[in-house]
Amino acid sequence: MRKIMLLAAVFLLTGCSLSKVENIRVKDLDYTVVNEEDIPAELAEEIEERKAEPFQVTFEDSGYLYVARGYGKQDSGGYSIAVSDLYLGQGAVYIQTDLKGPRTTAEKLPGVSYPYIVLKLEGRTEPVIFQ
């Protein structure tokens, strides 16, 4: 019993400090938003298969890194996606996007939609972390 309590105390005292990793921005990265017709065929197929549910995908092709994020099925059209942040941190590429919905009923388009965004970057070896 004492060992369990001691282990619990150790986890409580060190758990927060061990799990908190400070992310330091090394530099902003340049990117291009890819038009649907310019998405590599293999990536376009994967997006089509996954689009009904939220997804995060990376894809490498011809020296470029493609980063795709989808927000799954939405009950109407009129959505857009904003890139809030994209940068090289220590040991990883960090990306944050936000789904922007129709602000008014008039902006809602009929039918369902599957909003997603594809970004093209120069090739990178670091892992991509979606925030």
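The text that follows walks through the structure, step by step, so that each part is easy to find.

Some remarks on a negative patch on the surface
And then number 1: Residues Glu42, Glu45, Glu49 and Asp61 make up a contiguous surface patch of negative charge.
And then number 2: Inspection of the secondary structure puts Glu49 in helix α2 (residues 41–50).

With respect to the pairing of strand β6 (residues 93–100)
And then number 1: Bridge count between strand β5 (residues 80–89) and β6: eight bridges; the pairing is antiparallel. Residue pairing across strands places Leu88 opposite Val93, the latter belonging to β6.
And then number 2: Taking the residues between adjacent antiparallel strands as the criterion, β5 and β6 are bridged by three residues, where Gly91 takes a positive phi near 85 degrees.
And then number 3: Sheet topology places β6 next to strand β8 (residues 128–130); three bridges connect them, and they run parallel. Each residue of the ladder has a partner; that of Tyr94, found in β8, is Ile129.

Looking at the sheet that holds strand β1 (residues 25–28)
And then number 1: Pairing is mixed across the open sheet formed by four strands, whose spatial order is β1-β5-β6-β8. Sheet topology places β1 and β8 at the edges, where each strand pairs with a single neighbour. Sheet twist, expressed as the mean angle between neighbouring strand axes with direction ignored, is 30 degrees.
And then number 2: Inspection of the sheet shows β1 paired to β5 by three bridges, in the antiparallel sense.

Here we look at the sheet that holds strand β2 (residues 32–33)
And then number 1: In spatial order, the strands read β2-β7-β4-β3; together these four strands make up an open sheet with antiparallel pairing. Each end of this open sheet is capped by a strand with a single partner; those strands are β2 and β3 (54–61).
And then number 2: Contacts between α2 and the sheet are confined to β3, β4 (64–71) and β7 (116–122), with β3 contributing the most and set at about 170 degrees to the helix.

Scoring rules and cut-offs
- Residues numbered from 1 in each chain as written.
- Predicted model: local features only at pLDDT ≥ 70, side-chain atom pairs only at ≥ 80, totals over all residues.
- Heavy atoms only, no water.
- Patch = residues over 30% accessible without salt bridge, like charges linked within 9 Å, V, L, I, M, F, W, Y side chains within 5 Å.
- Areas by Shrake-Rupley, 256 points an atom, 1.4 Å probe, with all protein chains shown as cover.
- Salt bridge = Lys/Arg side-chain N within 4 Å of Asp/Glu carboxyl O.
- Lys, Arg positive; Asp, Glu negative; His and termini not counted.
- Charge placed at Lys NZ, Arg CZ, Asp CG, Glu CD.
- Helix = DSSP H or I, 4+ residues; strand = E, 2+ residues; numbered from the N terminus.
- Pairing = 2+ DSSP bridges.
- Axes fitted to C-alpha atoms, helices over the stretch in contact; angles between N-to-C directions.
- Contact = heavy atoms within 4.5 Å.

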